[in-house]
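The lines below spell out each chain.
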Amino acid sequence: MDPSTAVTTNPLLALLAFLGVIVLLLFLIAKWKWHVFLALLIPLLLFGIIPGVQQNNFIDAFETGFGATLGSIGVVIVLGSIIAEALRHTGAIETITRSMVSVVGRKRMPLALTLTGFVLGVAIFSDVAYVILNPLVHSAAKMMGVTVSVMSIGLVGSLQLTHAIVPPTPGPLAAAALVGADIGTTIIFGSIACLFGSLAGWFWGQYIVGPRIKTMPADEFAGDNFLEGDDSALPGVWASYAPIIVPIVLISAQSVSRLFLEEGHIVRSALAYIGWPVVALSVGVWLSYRNIRTDEHRKEAKNGWVEEALRVSAMILVVTGLGGSLSEILKATPAVDSIAGFFSTY
């Protein structure tokens, strides 16, 4: 830490201020139900007026952290949101679900839905995916004579896991940017961890806790099952998976090439650009737009889907940026070194 750019050089002050930010943040969100943007911004601003804090350095750290974080992931988050909109409107989600059911069989619908969640959680927000699949969850539970819990626990678990751990979803991207982790490596190991976690969630839901939660399927969804409908208007299996799989493969290939190819190798140089998340996700957007079948969707895709993606991304971007500001401010204090020294000692 450079004293000339330090927010404060007092370790105790830095630790107490950091603790105060966390406590106030939790109270504002959990107890007083404030929006997370204001709940994070206000503690940071209060940090800046604590006696002993160098305001000029504080402002520099705040702006540097905000800009650096969004500079590395801002465009990627928006592109990922556009892919999610396209998957939702073009019927790709339905095709992916049908393909999973055809692989594992209708008698194993909870497993099929769990694997579907594992794939979809990488591309779209978990709540959006569940809203789309909810009628299928109820109708399948009614058809199999099981509770909604048996049918849905694995699905919800896998959606939450991959959305929280595997880039290019916003949360993992933000975390990777803050700690300087390689996105491709995060995808590879995060996917492996989430696959095992998803299967554990399926087993827990179908055989252990699910049968004990007596929530029966709603009658309003009886017969509401897109597995039975005509699939001629839906995109093909490869076309549905491609917007998700191709960007992940490109980003992962960039990371793998660094391990096995020398710097300056033509393949490594090519993958360095093609596997750049901005390019990889742009390819994903193009692949998702190739699934458009109707004139209405073609019209909406030019503006409507992009505007909705920007609207969804806006909150994520500003909150992620504030997280970057907090990270940069802490780096400019002795707090990080003090915490690291404590744990390394004990």
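One structure accompanies this document, and this report is about it. (Residues numbered from 1 in each chain as written. Predicted model: local features only at pLDDT ≥ 70, side-chain atom pairs only at ≥ 80, totals over all residues. Heavy atoms only, no water.)

**So, the overall build of the protein chain**
Here comes step 1: Along its length, the protein chain carries 15 helices and zero strands.
Here comes step 2: Relative to its 346 residues, the protein chain shows a buried fraction of 47%.
Here comes step 3: Intrachain contacts of the protein chain at a sequence separation of at least 6 include 78% that bridge at least 24 residues.
Here comes step 4: For the protein chain, the exposed area adds up to about 17,300 Å²; of that, 66% sits on carbon and sulfur atoms. (Helix = DSSP H or I, 4+ residues; strand = E, 2+ residues; numbered from the N terminus. Buried < 20%, exposed > 50% of the residue type's maximum accessible area, 1.4 Å probe, protein only. Contact = heavy atoms within 4.5 Å. Areas by Shrake-Rupley, 256 points an atom, 1.4 Å probe, with all protein chains shown as cover.)

**Here we look at a nonpolar patch on the surface**
Here comes step 1: On the surface, a nonpolar cluster with roughly 580 Å² of combined accessible area is contributed by Leu19, Val23, Phe27, Trp32, Trp34 and Leu38.
Here comes step 2: Looking at which element gives the most residues to the nonpolar patch, the answer is helix H1 (residues 11-31), with three residues.
Here comes step 3: Along the chain, Leu19 turns up in helix H1. (Patch = residues over 30% accessible without salt bridge, like charges linked within 9 Å, V, L, I, M, F, W, Y side chains within 5 Å. Salt bridge = Lys/Arg side-chain N within 4 Å of Asp/Glu carboxyl O.)

**A short note on the packing of helix H6 (residues 126-144) against helix H7 (residues 148-165)**
Here comes step 1: Taken N-terminus to C-terminus, the directions of H6 and H7 make an angle of 160°; their axes are 9 Å apart at the nearest point. Taken together, the axes of H6 and H7 are roughly antiparallel relative to one another. The handedness of the crossing between H6 and H7 is right-handed. Together, Ser126, Ala129, Tyr130, Leu133, Val137, His138, Ala140, Ala141 and Met144 of H6 and Val148, Met151, Ser152, Leu155, Val156, Leu159, Gln160 and His163 of H7 make up the contact between the two elements.
Here comes step 2: Looking at the contact of H6 with H7, its residues break down into twelve nonpolar, five polar and no charged. (Axes fitted to C-alpha atoms, helices over the stretch in contact; angles between N-to-C directions. Parallel < 35°, antiparallel > 145°, perpendicular 65-115°, else oblique. Left-handed = near helix turned anticlockwise from the far one by under 90°. Nonpolar A, V, L, I, M, F, W, Y, C, P; charged D, E, K, R; others polar.)

**Digging into the nonpolar core**
Here comes step 1: Counting residues in each nonpolar core, the largest one holds 60 residues, and the members touching the most others are Leu87, Leu120, Ile124 and Ile244.
Here comes step 2: The biggest single contributor to this core is helix H5 (residues 109-123), with ten residues.
Here comes step 3: What Leu120 contacts, discounting residues up to four positions off in sequence, is Ile93, Ile96, Ala129, Leu133 and Leu159. (Core = buried A, V, L, I, M, F, W, Y, C linked by side-chain atoms within 4.5 Å.)

**Things to note about the environment of Val283**
Here comes step 1: Tracing the backbone through its elements, the reader meets Val283 in helix H12 (residues 277-289).
Here comes step 2: Taking the C-alpha atoms as reference, Val283 lies 41 Å from Thr333; in sequence the two are 50 residues apart.

**What about helix H8 (residues 170-179)?**
Here comes step 1: Among the residues of H8, Pro170, Pro172, Leu173, Ala174 and Ala176 are the ones counted as buried.
Here comes step 2: Of the surrounding elements, those touching the buried residues of H8 are helix H3 (55-90), H7, helix H9 (183-208) and helix H14 (304-331).
Here comes step 3: Gly180 sits one or two positions beyond H8 and adopts a positive phi of about 75°.

**A word on the packing of aromatic side chains**
Here comes step 1: Evaluation of the coordinates by the stated rule reveals six aromatic pairs.
Here comes step 2: Here the aromatic rings of Phe47 and Phe58 are separated by 5.9 Å at their centres, their planes lie at 35°, and the arrangement is tilted. One end of the pair, Phe47, is in helix H2 (residues 36-48); the other, Phe58, is in helix H3, with eleven residues separating them in the sequence. The exposure classification of Phe47 matches that of Phe58, with both residues buried.
Here comes step 3: Aromatic pair Phe203 and Tyr207: ring centres 5.2 Å apart, planes at 45°, arrangement tilted. Pair noted here: Phe203 and Tyr207 are both in helix H9, with a separation of four residues, about one helical turn.
Here comes step 4: Residue classification places Phe203 among the partly exposed positions, given a relative accessible area of 43%.
Here comes step 5: Taken together, the ring pairs connect Trp202, Phe203 and Tyr207 into an aromatic cluster. (Phe/Tyr/Trp six-rings, centres within 6.5 Å; stacked < 30°, edge-to-face > 60°.)

**Side note on empty space enclosed by the protein**
The method is simple in principle: a probe with the dimensions of a water molecule rolls over the atoms, and the space it marks as empty is what remains.
Here comes step 1: With the rule as written, the count across this model stands at one cavity of 30 Å³ or more.
Here comes step 2: The space that makes up the largest cavity amounts to roughly 140 Å³.
Here comes step 3: Looking at the largest cavity, it is lined by 18 residues, and the ones nearest its centre are Gly80, Val122, Ala123, Pro168 and Thr169.
Here comes step 4: Breaking the lining of the largest cavity down by element, the ones donating at least two residues are H3, H5 and helix H10 (237-260).
Here comes step 5: It is H3 that contributes the most residues to the lining of the largest cavity, five residues altogether.
Here comes step 6: For the lining of the largest cavity, the per-class residue count stands at 14 nonpolar, four polar and no charged. (1 Å grid on protein atoms, 1.4 Å probe; cavity = no way out; pocket = protein on both sides within 12 Å on 5 of 7 lines; lining within 4 Å. Points joined across faces, edges and corners; volume = space filled by probe spheres on them.)

**Concerning H5**
Here comes step 1: When the terminal C-alpha atoms of H5 are compared, their 21 Å separation across 15 residues agrees well with the 21 Å that a helix rising 1.5 Å per residue should span.
Here comes step 2: Here H5 lies mainly inside the structure; 15 of its 15 residues are buried. (Expected span 1.5 Å × (residues − 1).)

Scope: geometric values only; no functional claims are made or implied.
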